[in-house]
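In case you want the letters, here they are:
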Amino acid sequence: MLDKIFGEYKIQLSEKKIPFRENLLLAPLSSFKIGGVSPLVVEPESNEQIFEFLEIQKKFSIPYKILGGGSNLLISDEPNDFVVLRLSGMFKEFSENSEGIFYVGAATNTTPTFKKISLLGYTGLEFLSTIPGWVGGAVIQNAGCYGGEIFNQILEVDFIRDGKFYSKKKEEIEFGYRFTEFLRDKNSIITGIKIFAKKGNLEEIENSLNDKREKRNSSQPENKKSAGSVFKNPKGLDDNGLPMKSWKLIDKSGLRGLMKNKAQISPAHCNFIVNLGGAKASDVNYLVSTIQDKVFQKSKIILEKEIEYFGQI
Ligand SMILES: Cc1cc2nc3c(=O)[nH]c(=O)nc-3n(C[C@H](O)[C@H](O)[C@H](O)COP(=O)(O)OP(=O)(O)OC[C@H]3O[C@@H](n4cnc5c(N)ncnc54)[C@H](O)[C@@H]3O)c2cc1C
């Protein structure tokens, strides 16, 4: 039945010349390197193609989910029964609009883009050069590190919601720690952002880039397949009056290094789960649930996931 619907769906995509790929294995598109086959991955290259995709979408009752750089997702191993939307074409570009104001497409790669902008002599965006994934994914959850968050620097977010294009100023957008209104509503397709940076001293910028890269290398499991921090840090202070950290609660529960088949709670940073090669989504899910249970038993704190599940796990 689904094959028949997808068949008709594909005919309409072809008529509108919207690029798509069939039966695509998602594991290579995820930083965990976990994920099954998607029957249909649609890759619009312009706003017009997104509008056309949404028109086609309306005619069929198959849901769709957006995949960016796949660095904050645990993707199901099962073939999914939804359409995957992955922006391409014009969404992979960035440009300097006026001095220090950049337009960055949602499908640009965060690390090289913000490294490049920093090396043009602009400061304030160096922290983003260490975050994997694409810009749309960074926007939706207000990605951040080392005291910076992408929303500190954003001026405007462009997105398509219910078939209409919007350009919203930061002041009109609800956001917080690893949260934005886009994450709650889940019916917006981020297409790009306007972001600013100040002119700075190139040597200091280079030092700042290196410093942040070194910090990351020394605190996170190196060259391991993961999706970064699995849990958000809980609100509040710990017994020593310091901000609570998920990794400390996991460590206190004695879980550092715990394995389930080829998935492991990283011995280097226990808020990371790593795929040692061949882990299944269910193995990672087992460790996620174990952490939540044990941390609750030990500390009476409910850890909230920062990673998202993509498909049925
Ligand atoms: C080693 C490692 C280190 C990390 N360190 C950090 C860190 O320091 N700080 C931090 O905040 N994160 C970190 N992360 C997590 C991750 O890199 C960020 O959350 C990243 O911004 C996610 O972007 P993505 O394109 O990979 O999104 P994906 O994982 O592809 O998707 C995440 C969510 O965003 C949605 N989405 C993606 N694109 C769009 C779009 N265009 N419009 C609407 N919705 C969209 C998806 O549907 C999904 O719900 C780390 C990950 C790894 C692997």
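1. Some thoughts on the sheet that holds strand 5 (residues 83-85)
Strands sit in the order 1-2-5-3 across an open sheet of four strands; the sheet is mixed. The open sheet has two edge strands, strand 1 (20-25) and strand 3 (64-66), and neither has a second partner. Each strand axis lies, on average, 35° off the axis of its neighbour in the sheet, ignoring direction. Both strand 2 (residues 37-42) and strand 5 contribute to a ladder of two bridges, which runs parallel. Of the residues in strand 5, the one forming a bridge with Val 41 is Val 84. Docked against the sheet, helix 2 (residues 47-59) engages strand 2, strand 3 and strand 5, running at close to 150° with respect to strand 3.

2. A word on unusual backbone geometry
You will see that Lys 17, though not glycine, has its phi angle at about 60°, which is positive. If you trace the backbone, Lys 17 turns up in the loop between helix 1 (2-15) and strand 1. The class of Lys 17 is exposed, set by a relative accessible area of 68%.

3. Points about the pairing of strand 11 (residues 154-161)
Within a regular strand, the side chains alternate between the two sheet faces. Most of strand 11 sits out of view: seven of its eight residues are buried. Pairing geometry for strand 11 and strand 15 (residues 188-196), over seven bridges, is antiparallel. By the bridge assignment, Asp 158 is partnered in strand 15 with Gly 192. Where strand 11 lies against strand 12 (residues 164-169), six bridges are found, and the strand directions are antiparallel. Within strand 12, the position partnered with Val 157 by the bridge is Lys 168. Counted along the chain from strand 11 to the antiparallel partner strand 12, the turn is two residues long, and its residue Asp 162 has a positive phi close to 50°.

About the thresholds
- Residues numbered from 1 in each chain as written.
- Predicted model: local features only at pLDDT ≥ 70, side-chain atom pairs only at ≥ 80, totals over all residues.
- Heavy atoms only, no water.
- Pairing = 2+ DSSP bridges.
- Helix = DSSP H or I, 4+ residues; strand = E, 2+ residues; numbered from the N terminus.
- Axes fitted to C-alpha atoms, helices over the stretch in contact; angles between N-to-C directions.
- Contact = heavy atoms within 4.5 Å.
- Buried < 20%, exposed > 50% of the residue type's maximum accessible area, 1.4 Å probe, protein only.

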